[in-house]
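Understanding the architecture of this molecule
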Amino acid sequence: METRGQSYRYVGPAELKALVRAGSEGRSIRSSADFGEWVSALTLNELAEPFTFVVDGGGVLRLAPRRSEHVVCAGGGEVLSAGEMSFREESGRWVVEEVSNQSTGYCPDVSSWPAVAEALDRIGIHHPSGFTHEVVFRRCRSCRELNIVREEDFVCVFCGEDLPREWNMGEPGWLVRQRRSHRGASAAAQRCDR
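All figures in this text were calculated on a predicted structure; none of them were measured in a lab.

Description of the sheet that holds strand β1 (residues 27-29)
- Pairing within the open sheet is antiparallel, and its five strands lie in the order β1-β3-β2-β4-β5. Since the sheet does not close on itself, it has two edges, and those belong to β1 and β5 (93-100), each with one partner. Across the sheet, the mean angle from the axis of one strand to that of its neighbour is 40 degrees, orientation sign disregarded.
- Taken strand by strand, helix α2 (residues 32-40) contacts β1, β2 (51-56), β3 (61-65), β4 (79-90) and β5, and its axis lies near 140 degrees from that of β1.

As structure tokens, then:
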């Protein structure tokens, strides 16, 4: 039974959302036949790297080359999850080798995993029981900067204030501030991602 979780709107820099064009979204994978057709067209070099993925608002897995922007992969829309995913062939079938929620454009919570699992189950791809690399995103309520929490240290790396324990990237005011200062937000995401 499908259960739709929280949806995530794009919270990244405006200049990246401006790259969205009709027809440029990631490849929609709705069935095992779709996956087979997509994977058979890839080179060994392409398969050696993780792919950008989103689970769109309809629960469909979309895949794009790793350096693709998540917002472009999603066609600019809201997602149920986003991150990176790699595949390997095992005993004649494809499995997810690694999967993360690493997307500084959508900053999905680790609780978005069920949407990923459902999308993969629908197309018959075996997968881990959760993200193999979990990224915990929080926005500082004092300085408004994006933080990636490491080792359960819920302290802002920019101003030293405590970060909320609950996911808060969708709070009102975040997009407005980013539009005014998208360069600073983009740089903050890059600093946090190191």
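Now, onward.
Notes on the pairing of β2
- Taking burial as the measure, the six residues of β2 include six buried ones, the bulk of the element.
- The alternating pattern of β2 places F51, F53 and V55 and T52, V54 and D56 on opposite faces, both of which are buried.
- Here β2 runs beside β3; their pairing, made up of five bridges, is antiparallel. Paired with V54 across the strands is R62, a residue of β3.
- In sequence, β2 turns back onto β3 through a hairpin of four residues, with G59 there showing a positive phi of about 85 degrees.

Some remarks on the pattern of salt bridges
- Under the counting rule described, the total for this entry stands at six salt bridges.
- Across the salt bridge formed by R67 and E49, the nearest N and O atoms sit 2.8 Å from each other. Taken together, the residues R67 in the loop between β3 and α4 (70-73) and E49 in the loop between α3 (44-47) and β2 connect sequence positions 18 residues apart.
- In this structure, the salt-bridge partner of E152 is R165, at a minimum N-O distance of 4.0 Å. Of this pair, E152 sits in the loop between β7 (146-149) and α6 (174-180) while R165 sits in the loop between β7 and α6, and the two are 13 residues apart along the sequence.
- For E152, a relative accessible area of 60% puts it in the exposed group.
- For R165, a relative accessible area of 53% puts it in the exposed group.

Describing α2
- Every buried residue of α2 is accounted for by F35, W38 and V39. Projected down its long axis, α2 carries its buried residues within an arc of 90 degrees, all on one side. Those residues of α2 that are exposed and aimed more than 90 degrees away from the buried face are A33, E37 and S40.

Considering the confidence of the model for the protein
- Averaged over all residues, the pLDDT of the protein is 88; the fraction at 70 or higher stands at 86%.
- Below pLDDT 50 for its whole length, residues 175-194 participates in 31 contacts with residues either more than four positions away or in separate chains.

Details of helix α5 (residues 113-123)
- Among the 11 residues in α5, eight count as buried, and that is most of the element.
- Every buried residue belonging to α5 is among W113, A115, V116, A117, E118, A119, L120 and I123, and all of these are buried.
- On its buried face, α5 sits against β1, α2, β2, β3, β4 and β5.
- Just downstream of α5, G124 is the residue with a positive phi angle, here 75 degrees.

Considerations on the packing of aromatic side chains
- The full count for this structure, using the stated rule, is nine aromatic pairs.
- Summarising the aromatic geometry, the rings of W38 and F51 are spaced 4.9 Å apart at their centres and angled 70 degrees between planes, so their arrangement reads as edge-to-face. Residue W38 is found in helix α2, and its partner F51 is found in strand β2; the two are separated by 13 residues along the sequence.
- With a relative accessible area of 4%, F51 lands in the buried category.

The rules behind the values
Residues numbered from 1 in each chain as written. Predicted model: local features only at pLDDT ≥ 70, side-chain atom pairs only at ≥ 80, totals over all residues. Heavy atoms only, no water. Pairing = 2+ DSSP bridges. Helix = DSSP H or I, 4+ residues; strand = E, 2+ residues; numbered from the N terminus. Axes fitted to C-alpha atoms, helices over the stretch in contact; angles between N-to-C directions. Contact = heavy atoms within 4.5 Å. Buried < 20%, exposed > 50% of the residue type's maximum accessible area, 1.4 Å probe, protein only. Salt bridge = Lys/Arg side-chain N within 4 Å of Asp/Glu carboxyl O. Arc of directions from axis to C-beta. pLDDT = per-residue confidence, 0-100. Phe/Tyr/Trp six-rings, centres within 6.5 Å; stacked < 30°, edge-to-face > 60°.

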